[in-house]
Amino acid sequence: QVQLVESGGGLVQAGDSLRLSCATSGHTFSSYNVGWFRRTPGKEREFVAVIANIGGITYYQDSVKGRFTISRDNAKNTVYLQMNNLKFEDTAVYFCAATTKWSTTLWTRQDEYDFWGQGTQVTVSS
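Residues numbered from 1 in each chain as written. Predicted model: local features only at pLDDT ≥ 70, side-chain atom pairs only at ≥ 80, totals over all residues. Heavy atoms only, no water.

### A short note on the pattern of salt bridges
Then step 1. One pass over the full model with this rule turns up five salt bridges.
Then step 2. A salt bridge links Asp-90 to Arg-38; the shortest N-O distance between them is 2.9 Å. With Asp-90 in the loop between β8 (78-83) and β9 (92-99) and Arg-38 in strand β4 (residues 33-39), this pair connects stretches of sequence that are 52 residues apart. One exposure class covers both Asp-90 and Arg-38, and it is buried.
Then step 3. Linking Asp-111 and Arg-109 is a salt bridge whose minimum nitrogen-to-oxygen distance equals 3.0 Å.
Then step 4. On the accessibility criterion, Asp-111 (53% relative accessible area) is exposed.
Then step 5. Among the residues examined, Arg-109 registers a relative accessible area of 48% and is labelled partly exposed. (Salt bridge = Lys/Arg side-chain N within 4 Å of Asp/Glu carboxyl O. Helix = DSSP H or I, 4+ residues; strand = E, 2+ residues; numbered from the N terminus. Buried < 20%, exposed > 50% of the residue type's maximum accessible area, 1.4 Å probe, protein only.)

Below is the structure:
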């Protein structure tokens, strides 16, 4: 199974930036579609962004569009989530997830993913 490890979370002020990393294992990394999700207490885990295995295809949740950028460096087996102009409501545990499966919903549903990381905490002060 592929292993996923998130890092880069922390405590920042509103308007600041963070870059999260999702390090993945194996030489087959490039074959995986990788998404970012986030969860706050009392809420379901929600889709944030995804990058497909080929073609540079990306998709974002409306609330982060224009502020967050997902990218991947296959040579480093790593997917990044650059988060700019952070807001208090971005506070959450952020998870990365991976799948090789085809999707009709641009991989926005968590049940489309086979492997998950442990999460990294992002806290934004108001």
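So, next bit.
### Some thoughts on the sheet that holds β8
Then step 1. Taking strand neighbours across the sheet as the criterion, the four strands line up as β1-β3-β8-β7 in an open arrangement whose pairing is antiparallel. The sheet terminates laterally at β1 (4-7) and β7 (68-73), the two strands that pair on one side only. When strand polarity is set aside, the average angle formed by the axes of neighbouring strands in this sheet is 15°.
Then step 2. Across six bridges, the pairing between β7 and β8 is antiparallel. Along β8, the bridge assignment pairs Ile-70 with Leu-81. (Pairing = 2+ DSSP bridges. Axes fitted to C-alpha atoms, helices over the stretch in contact; angles between N-to-C directions.)

### A few points about the environment of Arg-38
Then step 1. For Arg-38, a relative accessible area of 6% gives the class buried.
Then step 2. C-alpha of Arg-38 to C-alpha of Cys-96: the two residues are 58 residues apart in sequence and 8.6 Å apart in space.
Then step 3. Here Glu-46 takes part through its side chain, which lies 2.7 Å from a polar atom of the side chain of Arg-38.
Then step 4. Within polar-contact distance, the side chain of Arg-38 engages the side chain of Asp-90 at 2.9 Å. (Polar contact = N/O pair within 3.5 Å; in protein donor to acceptor, adjacent residues only side chain to side chain.)

### Considerations on the pairing of β4
Then step 1. With six of its seven residues buried, β4 lies for the most part within the structure.
Then step 2. Here seven bridges tie β4 to β9, and the two strands are oriented antiparallel to one another. Of the residues in β9, the one forming a bridge with Arg-39 is Val-93.
Then step 3. In the sheet, β4 pairs with strand β5 (residues 46-51) via five bridges, with the strands oriented antiparallel.

### Considering the state of the cysteines
Then step 1. Inspection of the entire model under this criterion finds one disulfide.
Then step 2. Disulfide pairing places Cys-22 opposite Cys-96 at an S-S distance of 2.1 Å. Residues Cys-22 and Cys-96 share a disulfide whose torsion about the S-S bond is about 70°; that sign makes it right-handed. Of this pair, Cys-22 sits in strand β3 (residues 18-24) while Cys-96 sits in strand β9, and the two are 74 residues apart along the sequence. Taken as a pair, Cys-22 and Cys-96 share a single burial class, namely buried. (Disulfide = S-S within 2.5 Å.)

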